[in-house]
Amino acid sequence: MKQEMMTIVRQQELAPRIYELVLAGELVQQMKMPGQFLHIRVPRNDLLLRRPISINQYDQDAGTCTIIYRVEGDGTKFFAELSAGDQLDVMGPLGHGFEIDQLNAGDTAFIVGGGIGVPPLYQLSKELNEKGIKVIHFLGFGTQEVVYYADEFQALGETRFSTDDGTFGLQGNVGNLLLAESIQPDAVFACGNNGLLKTVEQLYNQVENVQLSLESRMACGMGACYACVCHVPEDENKSVKVCEDGPVFQAGEVIF
Ligand code: FAD
Ligand code: FES
């Protein structure tokens, strides 16, 4: 983990309230695992807590990484006003991401994402592709207007979409997409809201390798403050920290 003033290379709005931000800095050389996140200081003195945002992709040769975020409150609103040449105080890469070592060429992996849980799945899919693993993406959004990275994911493998209102892909949620699928995967990777993660956990309880990326409110982002604890099944005295032990956990490992 490193802390650095990273420089914004470019920023663009991909869809209403959804921004893609490319950052350059030394810290990129430490990014080795898809699913980790950056903890970013909002350059405003009254906003003390850093904002956790997943790493969407990294390119060590270019020395750049990308994040994709949705404007929610004051912090992300401030990020959206920044442009090329501005700097951000960034800590990272943080947390434990997706493990892909157990998979072999020829295996099939399902990649399941919803809304603003989709960004970290892109680097994951790229790395699975590089290992010769067949990926099938199942991506859910609210409506067509807020769909992003459709072409990028389609370039990496079969991609099925759902929208709540049916304006793009199947009408419904990602669970409906998964129910329509007959193939049994060797592994499932998911990131999204708790409803999506619970659906994945239930549908694939026969699959040994199911990895879920959890979201939780964070303060320090590095294991020191206990703001992000989750309990583990069958031992109410034991807990894990989403920022340090996760955000990615094996299905069944934590209660959420
Ligand atoms: P406010 O609501 O004003 O934030 C107030 C406080 O609440 C801040 O401390 C903020 O960090 C915290 N907070 C608010 N919403 C969340 C949330 N959903 N999760 C955690 N903390 C929250 N969002 C994206 O758009 N793209 C991503 O790739 C992404 N990756 C994430 C990865 C992790 C590991 C976590 C924990 C969260 C991620 N989020 C992501 C959610 C993102 O952190 C919040 O949307 C963001 O912090 C909101 O800040 P704000 O100041 O705009 O909103
Ligand atoms: Fe402080 Fe996780 S955010 S321990």
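Residues numbered from 1 in each chain as written. Chains lettered and ligands numbered in written order. Predicted model: local features only at pLDDT ≥ 70, side-chain atom pairs only at ≥ 80, totals over all residues. Heavy atoms only, no water.

The name that an unreviewed UniProt entry assigns to the protein chain is Dihydroorotate dehydrogenase B (NAD(+)), electron transfer subunit, with the source organism given as Enterococcus devriesei. Of the comments in the UniProt record for the protein chain, the one headed Subunit (unreviewed entry) reads "Heterotetramer of 2 PyrK and 2 PyrD type B subunits." Quoted straight from UniProt, the Pathway (unreviewed entry) entry for the protein chain says "Pyrimidine metabolism; UMP biosynthesis via de novo pathway; orotate from (S)-dihydroorotate (NAD(+) route): step 1/1." (UniProt positions renumbered as here; feature names shortened; annotations may be inferred.)

(A) Geometry of helix α5 (residues 194-203). Regarding α5, the residues found buried are Leu196, Leu197 and Val200. Looking straight down α5, one finds that the buried residues subtend no more than 100° of arc, so they occupy a single side. Capping of α5 at its N-terminal end is provided by asparagine 193; its side-chain oxygen lies 3.2 Å from the backbone amide nitrogen of glycine 195. (Buried < 20%, exposed > 50% of the residue type's maximum accessible area, 1.4 Å probe, protein only. Helix = DSSP H or I, 4+ residues; strand = E, 2+ residues; numbered from the N terminus. Arc of directions from axis to C-beta. Polar contact = N/O pair within 3.5 Å; in protein donor to acceptor, adjacent residues only side chain to side chain.)

(B) Examining the domain arrangement of the protein chain more closely. Splitting the protein chain by domain gives domain 1 (2-94), domain 2 (98-209) and domain 3 (214-256). Using C-alpha coordinates to define each centre, domain 1 is positioned 24 Å away from domain 2. Listed as interface residues are 18 residues of domain 1 and, on the opposing side, 15 residues of domain 2. Across the domain 1/domain 2 interface, buried area totals approximately 1500 Å², and carbon plus sulfur atoms make up 62% of it. In terms of surface lost to domain 2, no three residues of domain 1 exceed Pro34, Asn56 and Ile68, which account for 34% of the buried area on that side. (Domains from an automatic or database assignment. Contact = heavy atoms within 4.5 Å. Buried area = accessible area lost by both parts, 1.4 Å probe.)

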